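# Chain and residue survey
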Amino acid sequence: TIYSGEKFLVSGASGAGKSTLLKCLLGFNPFTGSVYFGKSLLNSKNIHDIRLKSAYIPQEPIILNSNVLDFIKEPFKYEANRNMVFDENRLDEMFKRFLLPLSIKYAATDQLSGGEKQRVAIIAAMLLDREFMFFDEPISALDLDCKKVFADIIGQMDNTTCVIVSHDKNIL
């Protein structure tokens, strides 16, 4: 059981099923048993509604070939997010917190390092203000300073339930 607003770390050996667990929670993989989001049993009828409340950041973020700003703004164009307003000032604040220069907004996404891609993907997901966030190895390419920033920001997200898969137990 993970309660609303809690931060939950899943750690274990490679191949133990940590990433599979995240995919099951989002209905990407079939499973036996029951998963509830609040009082709602996860099923094919409500999976779309649950996904609208969720953000999933995979081990290797898939970043469209464009510039960083266009990549981050893209989800705000989707019908599911049509009521959301993109706030570039908030984006700039997140870049600063994640130790990224503001000039990176205009960089080509295919020129980003692994750590920059991870931070950009995390920022893009956080800007959507989802109730549930699922992170799969979000700090694997980050240096110690960026890992601390990630942990601090996650710790401050009081109203967001986070499930984090990581080999790095220091994230605690």
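See the structure shown above.
Read on for an overview of the structure. If you're wondering where the values come from, they're calculated on a predicted model, not measured in any experiment.

## Here we look at the sheet that holds strand β1 (residues 7-10)
Strand pairs in the sheet, formed through backbone hydrogen bonds, run parallel or antiparallel to each other. Strands sit in the order β1-β6-β5-β4 across an open sheet of four strands; the sheet is parallel. The open sheet terminates on both sides in strands that have one partner only, identified here as β1 and β4 (54-57). Taken over all neighbouring pairs, the strand axes of this sheet differ in orientation by 10° on average, direction set aside. Pairing geometry for strand β5 (residues 132-136) and strand β6 (residues 161-165), over five bridges, is parallel. The residue bridging M133 from the neighbouring strand is C162, located in β6. Across the sheet, helix α6 (residues 144-155) lies against β1, β5 and β6, angled at about 150° from β6, the strand it touches most.

## Some points on the pairing of β6
Taking burial as the measure, the five residues of β6 include five buried ones, the bulk of the element. Burial along β6 is two-sided: the face carrying T161, V163 and V165 and the face carrying C162 and I164 are both buried. With four bridges joining them, β1 and β6 adopt parallel strand pairing. The residue bridging V10 from the neighbouring strand is V165, located in β6.

Reading the values: the criteria
Residues numbered from 1 in each chain as written. Predicted model: local features only at pLDDT ≥ 70, side-chain atom pairs only at ≥ 80, totals over all residues. Heavy atoms only, no water. Pairing = 2+ DSSP bridges. Helix = DSSP H or I, 4+ residues; strand = E, 2+ residues; numbered from the N terminus. Axes fitted to C-alpha atoms, helices over the stretch in contact; angles between N-to-C directions. Contact = heavy atoms within 4.5 Å. Buried < 20%, exposed > 50% of the residue type's maximum accessible area, 1.4 Å probe, protein only.

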